[in-house]
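An overview of the molecular structure
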Amino acid sequence: MSNIQLSFASLPEGKPQKVALGDKDVCVARIGDEVFAVADMCTHSEASLSEGDISNYKIECWLHGAEFDLRSGEAKTPPAVESLETFAVSRDGDTVTISSK
Ligand code: FES
């Protein structure tokens, strides 16, 4: 299992960030006091979700508009049908730890 630590204060509200976790790219999204981490690559095709927009606990792929639930990774809107891998997130003060499950 690999993990990475980030500063909570460095995560801008509503603006997803791409981070490397081992050999995987992870999209990290802060919504209020909560932080979510899902695979950065859209399951539909080759697009980085960290370049997409967040609304209502969902992230929208900028390429063809698929939406994924940031809490579960579930694909909510076509053209994506496959869920995203999700990563465990824990927070201790300013330290956010993201781990592969
Ligand atoms: S690449 Fe994300 S919806 Fe097509």
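Residues numbered from 1 in each chain as written. Predicted model: local features only at pLDDT ≥ 70, side-chain atom pairs only at ≥ 80, totals over all residues. Heavy atoms only, no water.

1. Remarks on the sheet that holds strand β4 (residues 34-39)
Note the threshold: A pair of strands counts as paired when DSSP detects no fewer than two bridges linking them. Numbering goes from the N terminus for both helices and strands, where a helix is a DSSP run of H or I of at least four residues and a strand is a run of E of at least two. Convention adopted: a line fitted to C-alpha atoms gives each axis, helices being fitted over their contacting stretch, and angles between N-to-C directions are expressed from 0 to 180 degrees.
The strand order across the open sheet built from three strands is β2-β3-β4, with neighbouring strands paired in antiparallel fashion. Sheet topology places β2 (17-21) and β4 at the edges, where each strand pairs with a single neighbour. Neighbour to neighbour, the strand axes of the sheet diverge by 35° on average, direction disregarded. As paired strands, strand β3 (residues 24-31) and β4 are joined by six bridges and run antiparallel to one another. The residue bridging Val28 from the neighbouring strand is Ala37, located in β4.

2. Thoughts on the pairing of β4
To be explicit about the condition: Relative accessibility thresholds used throughout: buried, under 20% of the residue-type maximum; exposed, over 50%; partly exposed, between the two (1.4 Å probe, protein chains only).
In terms of residue burial, β4 counts as a mostly covered element, since five of its six residues are buried. The turn joining β3 and β4, which pair antiparallel and follow one another in sequence, is formed by two residues; a positive phi near 60° is taken by Gly32.

3. Details of the side chain of Thr97
For the record, the criterion: Contacts described as polar in this section are N or O atom pairs within 3.5 Å, which, within protein, must combine one atom able to donate a hydrogen with one able to accept it, while residues neighboring in sequence count only if both atoms come from side chains.
Mapping Thr97 onto the fold places it in strand β9 (residues 95-99). Taking relative accessible area as the criterion, Thr97 reaches 15% and is therefore assigned buried. A distance of 3.2 Å separates a polar atom in the side chain of Thr97 from a polar atom in the side chain of Gln5.

4. Considering the sheet that holds strand β6 (residues 58-60)
Strand order in this open sheet of three strands is β5-β6-β7, and the pairing throughout is antiparallel. For this open sheet the edge positions go to β5 (53-55) and β7 (67-69), each flanked by a neighbour on one side alone. Within this sheet the neighbouring strands show an average axis-to-axis angle of 25°, counted without direction.

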